[in-house]
Amino acid sequence: IATRSDCKDSIQILNCHSENWEVFNTFQLNTLDLLSIQWSPDNSSIIIQESCLRHLCLIYSPFGDLIGKYSAYNEALGIRMIKFNKLGTFLSIGNFDQSIRILNTLTWQENYILKHDHPKTLLSSSSSSSSS
């Protein structure tokens, strides 16, 4: 559960295997404005996405240890979305700079950058069609 108190973001992890859903751990995050949280497929890490105004992805253990941090650039709109592959070996980060950055989840380092560039000029449909 993500919470915010006194302008500070925190996460509370609950143990749902007990009858009363007991608190397992609570810890404060190093964020300015948390946007989303996501568990890794193997439950070994929690991915924190900062507000779209800042390009920052933080990786925490369920015990509250910061185990990774990724920021590709500053002074521009940040992350659109974050998604793991099915095995949890890679983390895809879609960005407002029209790129997808792929992180290796063993090292939390960037492995690939896929860029999508728009053409500088568009062809009109009348110039691309031919008459019979």
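Whatever comes next refers back to the structure up there.
What you are looking at is a predicted structure, and each value in this text was computed from that prediction instead of being measured.

Colleague: Would you mind showing me how to read the packing of aromatic side chains here?
Modeller: The geometry of an aromatic ring pair comes down to the distance between the two centres and the angle between the two planes. This structure, assessed with the given rule, holds two aromatic pairs. Between Phe24 and Phe63, the ring centres sit 5.7 Å apart and the planes meet at 55°, which makes this aromatic pair tilted. One end of the pair, Phe24, is in strand β3 (residues 22-28); the other, Phe63, is in the loop between β6 (57-60) and β7 (66-70), and 39 residues separate them in sequence. Judged by relative accessible area, Phe24 falls into the partly exposed class, the value being 44%. A ring pair is formed by Phe27 and Tyr60, whose centres lie 5.5 Å apart and whose planes are at 35°; its orientation type is tilted. In this pair, Phe27 sits in strand β3 while Tyr60 sits in strand β6, placing the two residues 33 residues apart along the sequence. On the basis of relative accessible area, Tyr60 is assigned to the buried category, the value being 4%.

Colleague: Teacher, can you tell me more about the sheet that holds β7 here?
Modeller: Strand pairing in a sheet relies on backbone hydrogen bonds, with the paired strands running either antiparallel or parallel. Strands sit in the order β4-β5-β6-β7 across an open sheet of four strands; the sheet is antiparallel. Two strands close off the open sheet at either side, each with one partner strand: β4 (34-39) and β7. Looking at each pair of strands side by side, their axes are set apart by 20° on average, direction ignored. Pairing analysis gives four bridges linking strand β5 (residues 46-50) to β6, with the strands arranged antiparallel. Considered in β6, the bridge of Ile46 is made with Tyr60.

Calculation notes
Residue indices follow the written sequence of each chain, beginning from 1 at its first position. In view of the model being predicted, local features appear only for residues whose pLDDT reaches at least 70, and side-chain atom pairs are presented and counted only at 80 or more, with totals across whole chains, interfaces and linings using the full set of residues. Note that water and hydrogens are dropped before the side-chain values are worked out from all heavy atoms of the structure. Two rings from Phe, Tyr or Trp (for Trp, the six-membered ring) form a pair when their centres sit within 6.5 Å of each other. Planes less than 30 degrees apart are called stacked, planes more than 60 degrees apart edge-to-face, and all others tilted. Numbering of helices and strands runs from the N terminus; a helix is a DSSP stretch of H or I covering at least four residues, while a strand is a stretch of E covering at least two. Think of it in three bands: residues with accessible area under 20% of the maximum for their type are buried, residues over 50% are exposed, and the middle band is partly exposed, with areas taken using a 1.4 Å probe on protein chains only. At least two DSSP bridges between two strands are required for those strands to pair. For every element, the axis is a line fit to its C-alpha atoms; helices are fit only across the contacting stretch, and the angle between N-to-C directions ranges from 0 to 180 degrees.

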